[in-house]
Amino acid sequence: SSPAPLLRVQNLNAYYGQSHVLHGVNLHVMPGEVVSLIGRNGAGKTTTLKSIMGVLRSRTGTVSFAGEDLTRLPSNRIAARGLAWVPEERAILSSLTVRENLELPPARPGGWSTERALEAFPVLRERSHYPGSKLSGGEQQMLATLRVLRSAPKLLLLDEPSEGLAPVIVQRIGDMLQDLRREGLAVILVEQNLKFATRLADRHYVLVDGHVVDEVRADEVEARRSDLLGYLSV
Ligand code: ATP
């Protein structure tokens, strides 16, 4: 028998006031799997992450994690189950130093220590006493991702980690995600950068206007590249 999914999202509908944004989204993530959500601006990728985390409450359907129904839990309890969201707006506090930002979340057993995080990105160690506001976009992205690793998540939800970053930084973040995957961490990666998404993900879900319209495995990407590009072109 095949193993049970770590995360299962069934028939998810989400709303902003009267506006119905997600329409019956179904998806799953297996243990240790990296899954991408790809689609144009406004397709509903961020809304899917917010709905999973329970940050957006006006939703129907079910979100279950390791067999437990999380749908009615508040977002802090969902996070405590081992889901960690890195929003697109990286939420680095500009008045705190790099180190203070890193040490904001509660440390949990098995989570990354401050030392390990600063080891992973020496540039952050060099700047550990700088205020958060002095970091570049790429450095803030690294810091925001490292920060959630402190709480030893089982599933990481990353919203456009490559957006607006120099290629060399995108490469570094990709390398870090490869390392995390080797440690067994599961990831949902929201991306518009197909190159980045296909380097990392085992499977891709395509969102169009709040519907999952396609699902492509890594070994199908080459043959289906023009379809994937089509979904992303404006
Ligand atoms: P992007 O890359 O632009 O974030 P996305 O695929 O993540 O795109 P969402 O941000 O999930 O898309 O947005 C889905 C739809 O919901 C869009 O039509 C968007 O305009 C709308 N929307 C998003 N946030 C809100 C909000 N706070 N209030 C009302 N409508 C919203």
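Just so it is clear, the model here is predicted, and its values are computed rather than measured.

## Remarks on the overall build of the chain
Alright, step 1. Across its full length, the chain holds nine helices and ten strands.
Alright, step 2. For a compact globule of 234 residues, the expected C-alpha radius of gyration is about 17 Å, and the chain comes in at 17 Å, within 12% of that figure.
Alright, step 3. Summarising its shape, the C-alpha atoms of the chain cover approximately 45 × 40 × 40 Å along the three principal directions.
Alright, step 4. The buried share of the chain, reckoned over its 234 residues, is 48%.

## What to know about the side chain of Arg 203
Alright, step 1. Relative to the helices and strands, Arg 203 is located in strand S9 (residues 203–208).
Alright, step 2. At 3.0 Å, the side chain of Arg 203 forms a polar contact with the side chain of Glu 215.
Alright, step 3. With residues up to four places along the chain from it excluded, the contact list for Arg 203 reads His 28, Val 29, Glu 33, Val 34, Val 35, Ser 36, Glu 215, Val 216 and Arg 217.

## Description of the nonpolar core
Alright, step 1. The biggest cluster of nonpolar side chains holds 32 residues, and the ones touching the most others in it are Leu 124, Leu 146, Leu 156, Leu 177 and Leu 180.
Alright, step 2. Counting only elements with at least two residues in this core, the list comes to strand S6 (83–86), helix H3 (98–102), helix H4 (114–120), helix H6 (137–149), strand S7 (155–159), helix H7 (167–182), strand S8 (186–191) and helix H8 (194–200).
Alright, step 3. By residue number, the principal contributor to this core is H6, which donates six residues.
Alright, step 4. Those residues within four positions of Leu 146 in sequence are excluded, and the remaining contacts are Leu 102, Trp 112, Ala 117, Ala 120, Phe 121, Leu 124 and Met 176.

## What about the environment of Ala 80?
Alright, step 1. As for its placement among the helices and strands, Ala 80 is situated in helix H2 (residues 75–80).
Alright, step 2. Taking the C-alpha atoms as reference, Ala 80 lies 8.5 Å from Pro 153; in sequence the two are 73 residues apart.

Thresholds applied
- Residues numbered from 1 in each chain as written.
- Predicted model: local features only at pLDDT ≥ 70, side-chain atom pairs only at ≥ 80, totals over all residues.
- Heavy atoms only, no water.
- Helix = DSSP H or I, 4+ residues; strand = E, 2+ residues; numbered from the N terminus.
- Rg over C-alpha atoms; globule rule 2.2 N^0.38 Å.
- Buried < 20%, exposed > 50% of the residue type's maximum accessible area, 1.4 Å probe, protein only.
- Polar contact = N/O pair within 3.5 Å; in protein donor to acceptor, adjacent residues only side chain to side chain.
- Contact = heavy atoms within 4.5 Å.
- Core = buried A, V, L, I, M, F, W, Y, C linked by side-chain atoms within 4.5 Å.

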